[in-house]
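Okay, here's what each chain looks like letter by letter:
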There are 2 protein chains.
Amino acid sequence: MARRVTGPEIERLIQLLARLPGLGPRSARRAALQLVKKRDQLLAPLTDAMRTVHDRVRVCSACGNVDTADPCTVCTDPTRDGSVIVVVEDVADLWALERAGAVNARYHVLGGVLSPLSGIGPDDLDITGLVERASDPAVKEIILAVNATVDGQTTAHYVTDRLEGLGVKVTRLAHGVPVGGELDYLDEGTLTAAIRSRTPF
Amino acid sequence: MARRVTGPEIERLIQLLARLPGLGPRSARRAALQLVKKRDQLLAPLTDAMRTVHDRVRVCSACGNVDTADPCTVCTDPTRDGSVIVVVEDVADLWALERAGAVNARYHVLGGVLSPLSGIGPDDLDITGLVERASDPAVKEIILAVNATVDGQTTAHYVTDRLEGLGVKVTRLAHGVPVGGELDYLDEGTLTAAIRSRTPF
Ligand SMILES: [Zn+2]
Ligand SMILES: [Zn+2]
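Residues numbered from 1 in each chain as written. Chains lettered and ligands numbered in written order. Predicted model: local features only at pLDDT ≥ 70, side-chain atom pairs only at ≥ 80, totals over all residues. Heavy atoms only, no water.

- The name given to chain A in an unreviewed UniProt entry is Recombination protein RecR, and the organism recorded there is Pleomorphomonas diazotrophica.
- As recorded by UniProt, the Sequence similarities (unreviewed entry) comment attached to chain A reads in full: "Belongs to the RecR family."
- You can read under Function (unreviewed entry) in the UniProt record for chain A the words "May play a role in DNA repair. It seems to be involved in an RecBC-independent recombinational process of DNA repair. It may act with RecF and RecO." (UniProt positions renumbered as here; feature names shortened; annotations may be inferred.)

Encoded structure:
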């Protein structure tokens, strides 16, 4: 700001809020003002919730999900099919698949994708943990639910190689037209895949 | 979520984050995950910053700005022209004018605009405080820097009426073409105002 109009405390709050995904500098300022205005209704409870999460939430040592319990709610849920492990890049993907109710299985969060350009190699992802879990004879199928990006597919190939010889079936998500998607907005690769994998009407 | 995949602590954090302006449910989830991942680099310092703001930031009893000091940094700044008060709807507007370095004056935050439809009347805004400040013989001009909306202009008219007889000059922001603005994207009212208020080249 041209001149100082407020104490450094709010400036610091704005700077930290701006580091949240989805908030730029402008919306971080609005968010900070909203917090000051709603001191009791929003600022106090949000501060509490953040402290609780800071103190109690951990990364699941088995699957990489985040939870207050370790192993996490998913890993200890006895109603899930323990013979299937869905491999995802990120916790957000695990949650997205769960919101969709897409599969009743366990998960494994890689924590990213292989990306030579960004210097992310196999040791930066939790692939060893996956191989270990996949070595359990009770595990029959690994579903690779990584993003359909170049890095995602490179990662899928690498993981498949690492799982070879364990006697576990490795599958991947189908390509096709998104539900509600309009054909003329889709790229050629998706359209070709959708034609190839066409199903009886 | 279809089934529970994590403890209620993170769900609560997501719900509260989603109440910040600029964050919807989807980006609130991403923000919560980012906070968990960057526990020490982001979650801890942000929690600290929020607690500090909660404990120390107040609304200035003179002008409505938010600051750790009351009266605020602006109100006690001796280099500002105390004869001019810029009236704004919101603290965000005060900060925007300061970032622009638009004027070296004091401010008065109304805390909103008159809005019969939303049930917001004069008593919901800090108009009495403004009249009191404008009654000081040292104050010579009130600049109404409210938004160029219907409610903003209604508020400007009402405030002008309330200031009548105090011997203070009341002005408002000029209408015109925004700097960098393209004419064919502007509404007719703006174009007409820009023509009427044209200046020598
Ligand atoms: Zn787990
Ligand atoms: Zn003040």
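## Re the overall build of chain A
Part 1 of the reasoning: From N to C terminus, chain A includes 7 helices and 6 strands.
Part 2 of the reasoning: In sequence order, chain A lays out its α and β elements as α-α-α-β-β-β-α-β-α-β-α-β-α.
Part 3 of the reasoning: For chain A, the C-alpha radius of gyration of 22 Å lies well beyond 17 Å, the compact-globule estimate for 201 residues.
Part 4 of the reasoning: Reported as C-alpha extents along the three principal axes, the dimensions of chain A are approximately 65 × 45 × 35 Å.
Part 5 of the reasoning: Out of the 201 residues in chain A, the part that is buried amounts to 42%.
Part 6 of the reasoning: Put simply, of all contacts in chain A between residues at least 6 apart along the chain, 47% involve residues at least 24 apart.
Part 7 of the reasoning: Carbon and sulfur atoms provide 53% of the accessible area of chain A, an area that totals close to 10800 Å².
Part 8 of the reasoning: Side-chain charges of chain A comprise 23 positive and 26 negative groups, with the mean position of each set lying 10 Å from the other. (Helix = DSSP H or I, 4+ residues; strand = E, 2+ residues; numbered from the N terminus. Rg over C-alpha atoms; globule rule 2.2 N^0.38 Å. Buried < 20%, exposed > 50% of the residue type's maximum accessible area, 1.4 Å probe, protein only. Contact = heavy atoms within 4.5 Å. Areas by Shrake-Rupley, 256 points an atom, 1.4 Å probe, with all protein chains shown as cover. Lys, Arg positive; Asp, Glu negative; His and termini not counted. Charge placed at Lys NZ, Arg CZ, Asp CG, Glu CD.)

## So, the relation of the copies chain B and chain A
Part 1 of the reasoning: Relative to chain A, chain B is turned by 180° and slid 0.0 Å along the rotation axis, the superposed coordinates differing by an RMSD of 0.1 Å. Here the two chains are linked by the operation of a two-fold rotation axis. Among all residues of chain B, the one whose C-alpha sits closest to the rotation axis is B:Thr47, at a distance of 2.9 Å. (Least-squares fit on C-alpha atoms with pLDDT ≥ 70 in both.)

## Regarding the pairing of strand β5 (residues 141–144) of chain A
Residues and elements named next belong to chain A.
Part 1 of the reasoning: Neither face of β5 is open: one carries Glu 141 and Ile 143, the other Ile 142 and Leu 144, and all of them are buried.
Part 2 of the reasoning: Pairing of strand β3 (residues 81–88) with β5, which is carried by 4 bridges, proceeds in the parallel orientation. Looking at β5, one finds that Val 87 is bridged to Leu 144.
Part 3 of the reasoning: Of the pairings in the sheet, the one linking β5 to strand β6 (residues 169–172) comprises 4 bridges and is parallel in character. Its bridge partner lying in β6, Glu 141 is registered against Lys 169.
Part 4 of the reasoning: Handedness of the β5-helix α6 (residues 150–163)-β6 crossover: right-handed. (Pairing = 2+ DSSP bridges. Right-handed = clockwise from strand over helix to strand, strands pointing away.)

## Overview of unusual backbone geometry
Apart from glycine, the bulk of residues carry a negative phi angle, and the bulk of peptide bonds sit in the trans form.
Part 1 of the reasoning: Cis peptide bonds are those with omega within 30 degrees of zero, and the linkage from A:Asp70 to A:Pro71 qualifies with 5°.
Part 2 of the reasoning: Looking at where A:Pro71 falls in the secondary structure, it is placed in the loop between β2 (66–67) and β3.

## Remarks on the UniProt feature "zinc finger region: C4-type" (unreviewed entry) in chain A
Part 1 of the reasoning: When the UniProt feature table is mapped onto this chain, "zinc finger region: C4-type" (unreviewed entry) is found at residues 60–75 of chain A.
Part 2 of the reasoning: A helix fraction of 0% and a strand fraction of 12% characterise residues 60–75 of chain A, whose end C-alpha atoms lie 9 Å from each other.

## Observations concerning the sheet that holds strand β4 (residues 105–109) of chain B
Residue and element names in this part refer to chain B.
Part 1 of the reasoning: Strands sit in the order β4-β3-β5-β6 across an open sheet of 4 strands; the sheet is parallel. Looking at which strands have only one partner, the edges of the open sheet turn out to be β4 and β6 (169–172). For this sheet, the mean angle separating the axes of adjacent strands, direction not counted, is 25°.
Part 2 of the reasoning: Relative to the sheet, helix α5 (residues 127–134) contacts β3 (81–88), β4 and β5 (141–144), its axis offset from that of β4 by approximately 150°.
Part 3 of the reasoning: Seen against the sheet, helix α6 (residues 150–163) touches β5 and β6 and runs at an angle of roughly 165° to β5. (Axes fitted to C-alpha atoms, helices over the stretch in contact; angles between N-to-C directions.)

## Considerations on the environment of B:Ala174
Part 1 of the reasoning: Its place among the elements puts B:Ala174 in the loop between β6 and α7 (188–196).
Part 2 of the reasoning: On the basis of relative accessible area, B:Ala174 is assigned to the exposed category, the value being 75%.

## Description of the domain arrangement of chain A
Part 1 of the reasoning: The domains assigned to chain A are domain 1 (8–56) and domain 2 (78–172).
Part 2 of the reasoning: Using C-alpha coordinates to define each centre, domain 1 of chain A is positioned 34 Å away from domain 2 of chain A. (Domains from an automatic or database assignment.)

## Looking at the coordination of the zinc ion (ligand 1)
Residue and element names in this part refer to chain A.
Part 1 of the reasoning: Around the zinc ion (ligand 1), the protein contributes the donor atoms Cys 60 (SG), Cys 63 (SG), Cys 72 (SG) and Cys 75 (SG), which lie 2.3 to 2.4 Å from the metal centre.
Part 2 of the reasoning: Here the zinc ion (ligand 1) is ringed by 4 donor atoms whose angles at the metal span 102 to 115°, and the overall shape comes out tetrahedral.
Part 3 of the reasoning: All donors of the zinc ion (ligand 1) come from a single chain, and their spacing in sequence reads C-x2-C-x8-C-x2-C. Of this pair, Cys 60 sits in the loop between β1 (58–59) and β2 while Cys 75 is found in the loop between β2 and β3, placing the two residues 15 residues apart along the sequence.
Part 4 of the reasoning: Judged by its relative accessible area of 3%, Cys 60 falls in the buried class. (Donors = N, O, S within 2.8 Å, 3.2 Å for Na, K, Ca; no water. Tetrahedral: all angles 85-135°; square planar, octahedral: opposite > 155°, others 65-115°.)

## Looking at the coordination of the zinc ion (ligand 2)
Residue and element names in this part refer to chain B.
Part 1 of the reasoning: Coordination of the zinc ion (ligand 2) by the protein is provided by Cys 60 (SG), Cys 63 (SG), Cys 72 (SG) and Cys 75 (SG), with metal-donor distances spanning 2.3 Å.
Part 2 of the reasoning: Around the zinc ion (ligand 2), the 4 donor atoms sit at angles spanning 102 to 114°, and that spread fits a shape best called tetrahedral.
Part 3 of the reasoning: The sequence pattern describing where the donors of the zinc ion (ligand 2) fall on their chain is C-x2-C-x8-C-x2-C. Like Cys 63, Cys 60 is buried.

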